[in-house]
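Structure assessment
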Amino acid sequence: MYSKKEVKKAVYEGLREITKKEVITIKDDEKFSDYGIDSLDRMSLLLEVEKRLNVELGDIDLDEANTIDSLYKLICDKYK
Amino acid sequence: MIGIKDIGVYIPQNFIDNYKRMEEFETNENFIKNKIGFETLCRKSVEEETSDLCVKAFEDLQLQIGSCIDLIDCIIVCTQNPDGAGLPQTSAILHRKLGLKDNVAAFDISLGCSGYVYGISILKSFMRENGFKNGLLFTADPYSKVLNHSDRNTELLFGDAATCTLLSGQPKYLILKSCFATDGSGWDSIIVDKQKATLSMKGKDVFMFTMKKVPIQIKQCLSDNTLKKEEVDIFVFHQASKYIVDNLTEVLDLPEEKVPFMSQKVGNTISSSIPLILKEIIPKGHKFILLSGFGVGLSWATTILKKI
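Here is a short report on the structure shown in this document. As the structure is a computational prediction, the values presented were derived from the model and not from experiment. (Residues numbered from 1 in each chain as written. Chains lettered and ligands numbered in written order. Predicted model: local features only at pLDDT ≥ 70, side-chain atom pairs only at ≥ 80, totals over all residues.)

Secondary structure assignment for chain A yields 3 helices and 0 strands. Reading the helices (α) and strands (β) of chain A from amino to carboxyl end gives α-α-α. The C-alpha atoms of chain A give a radius of gyration of 11 Å, which matches the 12 Å a tight globule of 80 residues would have. With respect to the three principal axes, the spread of C-alpha positions in chain A is 30 × 20 × 20 Å. Taken over 80 residues, chain A has a buried fraction of 28%. Counted over contacts in chain A with a minimum sequence separation of 6, partners at least 24 positions apart contribute 61%. (Helix = DSSP H or I, 4+ residues; strand = E, 2+ residues; numbered from the N terminus. Rg over C-alpha atoms; globule rule 2.2 N^0.38 Å. Buried ≥ 20, exposed ≤ 12 C-beta atoms within 10 Å, placed from the backbone. Contact = placed C-beta atoms within 7 Å.)

Between chain B and chain A, the contact holds 9 residues from the first and 7 residues from the second. In terms of residue count, the dominant contributor to the side of chain B that touches chain A is helix H6 (residues 203-224) of chain B (5 residues). Residues belonging to the side of chain B that touches chain A are distributed by class as follows: 5 nonpolar, 1 polar and 3 charged. (Nonpolar A, V, L, I, M, F, W, Y, C, P; charged D, E, K, R; others polar.)

Another aspect to go through is the nonpolar core. All names here are of chain B. Cys54, Ala57, Ile75, Phe138 and Val236 are the most contacted members of the largest nonpolar core, which has 105 residues in total. Looking at this core element by element, the count peaks at 8 residues for H6. Residues lining this core come from more than one domain, with at least three contributed by each of domain 1 (3-170) and domain 2 (175-307). Ile75 has contacts with Ser91, Leu94, His95, Val104, Ala106, Gly135, Leu136 and Phe138, leaving out every residue within four places of it along the chain. (Core = buried A, V, L, I, M, F, W, Y, C linked by C-beta atoms within 7 Å. Domains from an automatic or database assignment.)

Next up on the list: the pairing of strand E5 (residues 105-109) of chain B. Residue and element names in this part refer to chain B. Of the two faces of E5, only the one carrying Ala106 and Asp108 is buried; Ala105, Phe107 and Ile109 on the other face are not. Bridge analysis of strand E4 (residues 74-78) against E5 gives 5 bridges, and the strand direction is parallel. For Ile75, the partnering residue across the bridge sits in E5 and is Ala106. (Pairing = 2+ DSSP bridges.)

The next point concerns unusual backbone geometry. All names here are of chain B. Cis geometry marks the peptide bond from Leu87 to Pro88; its omega dihedral reads 10°. For Pro88, the position within the fold is in the loop between E4 and helix H3 (90-98). Between Gly297 and the following residue, Leu298, the backbone shows a cis peptide bond with an omega angle of 5°. At Ile270, a position not held by glycine, the phi torsion is positive, near 60°. Using a count of 32 C-beta atoms within 10 Å as the deciding quantity, one classes Ile270 as buried.

Dropping the structure here:
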């Protein structure tokens, strides 16, 4: 349903909103936690991605969705 | 016209320093100060029962307004951590400890963080329906009774406290139209497990629910009361955490100075968190104060107070 590019764009926009930084450099396989995004901000990130992609991610495990790659996979599995 | 007249509070003076537990719970100063927001948590002593916390809150009320025990027509205790095993109702035990008359109505309501907003509406309606002049709403929900002290999700959050709000026919603030909501599908988001008898919380679920549902209700409550958010002087949100209060402020596009976070030293005191702040801000004489409580159930409620 969503391309990796779309999910990544939603994540980047969400991170801009959360970190208030214009430049986001996180890699696809880099953990959000290693990028300085704590557990609370990761909840906010899920909300931001939900909003941008019009999906429901409430049942996604926060620890499993800790990279762009894993979040993309979880979204694809849910919305295939 | 029945409304809020005065508030008494009790904050136990046993404080746990969250900064001293950073290593134990694998966290850091920034997370405690700026995200959770609770630098210390107040906890009752082991010997104190829920009703004892209520008594102390009532004593604080009496310090402000003088002796009023003979004038009370009804009391409600809002708690989900009652005295003993919950039977008899904590309000009956409190009734004895306060030395109230026989013809005083006393009952408990089982609500958590939405309990204060529900409670003042319930008490106001009960008083109005029965011609009562003075009623007391107690909030006392010591989560220390059920915390798993090694659970990082909950152990850094909750404090014990109690409040006693006097509703009377000569109030300082009227309670305007309120909004109430429940989502039982989230029943297990905050739960005390029967076997383990300890609290567990699905933080993500609670956060997502709060950010999605509470702003909608706040806007509805403003609309129901024909008010714009700019006309509200202060927004008192349940002090779930600084992060949640900050995020609600941002989502609703409110000025930070209108949304107090005042629980740094006490923690999330469940249904006491709103009245603890109200006690401090009522003397400032704001015209409109919006209250919004949300949490276990999932349950949420919003109302607006208007100064007389």
